[in-house]
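Below are the chains, spelled out letter by letter.
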Amino acid sequence: MKSIYDCYTLSNGYKIPCMGYGTYKAAEKKNAEIIKSAIDAGYRYFDTASFYGTEEYLAEAIAMSGLPREAFFITTKLWKDEMGYENAKEALEKSLKRLKTDYVDMYLIHWPLPKPGYKEWKQLDKETWRALEDLYEAGKARAIGLSNFLPHHIENILEDCRIAPMADQLEFHPGYSQEAAVQYCQQRNILVQAWSPIGRTRVLEETLIKELAEKYHVSAAQICLRYAVQRGVAPLPKSSSLERMKQNRDVFSFTLSTEDMYRLETMPQCGWSGEHPDRERVPAQQVG
């Protein structure tokens, strides 16, 4: 990968850019300005979700750009209360209206459980996935996948699906690499994408991250993003600053050494969001 425009090839042959822009909280001012800035910074892959409340602003930013719909790769996701066969199909129709498009490039199930402890999650996930398969076959989603699904959740889908998931979004950054889940997906040709690829403040202040930033003459955030790229993981950074947007995409001019990659892979856990699909969210003060 030499730029954000280089692509991975999903299991169905569809091309997906190796880096995208995450739109979570990108429209808190209720306008499309931040997303439009990301387009101006060169991003063409945008990750949104019904839960984010940014779909309509992404559509507005794309319209403002003057670029054709085909110039963009758009991923959106159905939320926990949109799971189930009929609900999932209806959810995509609503997303398409907000996005002002007749298809999305990729559609994902946002979480495997509607709430921790939900007993019937296996059947619910299968029904929801069957809807995504039908939407894919109808051409309304060019690719389909998952988000926050761990190996035991994915195994449930793979038991009797017609179409295997093509991607899985996971929290992934130095200090929280989810090695078992990443290895599982990559062995099955499921592209791993990283949400929160830069982690949180604590990650950027870690001694190792700061040391490597100085060594490679880049920012701490660039070290985190380059780490994902070299792991074959597609990062989805988000930023409200045009300068940082441009900086975040500039991670292809240097390569982390094998030794430094090992050091990053074996960092003590830090920067975890506290989110886990099978458990209640851990409050920030307890995450550390």
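So, here's what we can say about the structure. Since the model is a prediction, treat every value here as computed from it, not as a measurement.

1. A few points about the overall build of the chain
Of regular secondary structure, the chain possesses twelve helices and ten strands. Judged by the C-alpha coordinates and their principal axes, the chain covers about 50 × 45 × 35 Å. In the chain, which comprises 288 residues, the proportion classed as buried is 55%. For the chain, the accessible surface area stands at approximately 12,900 Å², while carbon and sulfur atoms represent 47% of it. Once the 37 positive and 40 negative side-chain charges of the chain are each reduced to a mean point, those two points are 2 Å apart.

2. Details of the packing of helix α4 (residues 121-137) against helix α5 (residues 151-158)
Put simply, α4 and α5 touch, their axes get as near as 9 Å, and they point 60° apart. Taken as axis vectors, α4 and α5 run oblique relative to one another. Here α4 and α5 pass one another in a crossing that is right-handed. Contacts between α4 and α5 involve Trp 121, Lys 122, Asp 125, Lys 126 and Trp 129 from the former and His 152, His 153, Asn 156 and Ile 157 from the latter. Looking at the contact of α4 with α5, its residues break down into three nonpolar, three polar and three charged.

3. Quick look at helix α6 (residues 179-187)
Residues Ala 181, Val 182, Tyr 184 and Cys 185 constitute the buried set of α6. Down the axis of α6, the sector holding all buried residues measures 160°, keeping them to one side. Away from its buried face, by an angle of more than 90 degrees, α6 presents the exposed residues Ala 180 and Gln 187. In this fold, the buried residues of α6 make contact with α5, β8 (167-171) and β9 (191-195). In the stretch just after α6, Asn 189 is the one whose phi turns positive, near 60°.

4. Brief notes about the pattern of salt bridges
Pairing of side chains with opposite charge becomes possible as their charged atoms draw close. What the rule picks out here adds up to 19 salt bridges. Salt bridges sharing common partners tie together Glu 133, Asp 134, Glu 137 and Arg 162.

5. Brief notes about the side chain of Ser 219
Secondary-structure assignment places Ser 219 in the loop between α8 (207-216) and α9 (220-230). If we skip the residues at most four places from it in the chain, Ser 219 touches Ala 213 and Gln 247.

6. Some points on the environment of Leu 67
Along the chain, Leu 67 turns up in the loop between α2 (55-65) and β5 (73-78). Apart from residues no more than four positions distant in its own chain, Leu 67 is found in contact with Ile 39, Arg 44, Ile 62 and Phe 72.

7. Concerning the nonpolar core
Grouped together as the largest cluster of nonpolar side chains are 92 residues, with contacts concentrated most on Tyr 43, Phe 46, Met 106, Tyr 107, Ile 223 and Leu 264. If one sorts the elements of this core by residue count, α9 sits on top with eight residues. In this view, Leu 264 contacts Pro 174, Gly 175, Leu 208, Ile 209, Leu 212, Ile 223, Tyr 227 and Leu 256; residues no more than four positions away in its chain are not counted.

8. With respect to the packing of aromatic side chains
What describes a pair of aromatic rings is the distance from one ring centre to the other and the angle between the planes of the rings. What the rule picks out here adds up to ten aromatic pairs. An angle of 50° between the planes, with centres 5.1 Å apart, marks the rings of Tyr 24 and Tyr 52 as tilted. Note that Tyr 24 is positioned in the loop between β3 (21-22) and α1 (33-40) and Tyr 52 in the loop between β4 (45-47) and α2, a separation of 28 residues in sequence. Taken together, a centroid distance of 4.9 Å and an interplanar angle of 75° make the contact between Tyr 45 and Phe 73 edge-to-face. Taken together, the positions of Tyr 45 in strand β4 and Phe 73 in strand β5 put the pair 28 residues apart, joining distant regions of the chain. Summarising the burial analysis for this pair, Tyr 45 and Phe 73 share the class buried. Within the aromatic cluster, the residues linked to one another by ring pairs are Tyr 21, Tyr 43, Phe 46 and Phe 72. It is Lys 80 that lies over the ring of Trp 111; its NZ or CZ is 5.1 Å from the centre. Here the guanidinium or amino end of Arg 188 rests over the ring plane of Tyr 184, the centre of that ring lying 3.7 Å away.

Parameters and conventions
Residues numbered from 1 in each chain as written. Predicted model: local features only at pLDDT ≥ 70, side-chain atom pairs only at ≥ 80, totals over all residues. Heavy atoms only, no water. Helix = DSSP H or I, 4+ residues; strand = E, 2+ residues; numbered from the N terminus. Buried < 20%, exposed > 50% of the residue type's maximum accessible area, 1.4 Å probe, protein only. Areas by Shrake-Rupley, 256 points an atom, 1.4 Å probe, with all protein chains shown as cover. Lys, Arg positive; Asp, Glu negative; His and termini not counted. Charge placed at Lys NZ, Arg CZ, Asp CG, Glu CD. Axes fitted to C-alpha atoms, helices over the stretch in contact; angles between N-to-C directions. Parallel < 35°, antiparallel > 145°, perpendicular 65-115°, else oblique. Left-handed = near helix turned anticlockwise from the far one by under 90°. Contact = heavy atoms within 4.5 Å. Nonpolar A, V, L, I, M, F, W, Y, C, P; charged D, E, K, R; others polar. Arc of directions from axis to C-beta. Salt bridge = Lys/Arg side-chain N within 4 Å of Asp/Glu carboxyl O. Core = buried A, V, L, I, M, F, W, Y, C linked by side-chain atoms within 4.5 Å. Phe/Tyr/Trp six-rings, centres within 6.5 Å; stacked < 30°, edge-to-face > 60°. Lys NZ or Arg CZ within 6 Å of the ring centre and 35° of its normal.

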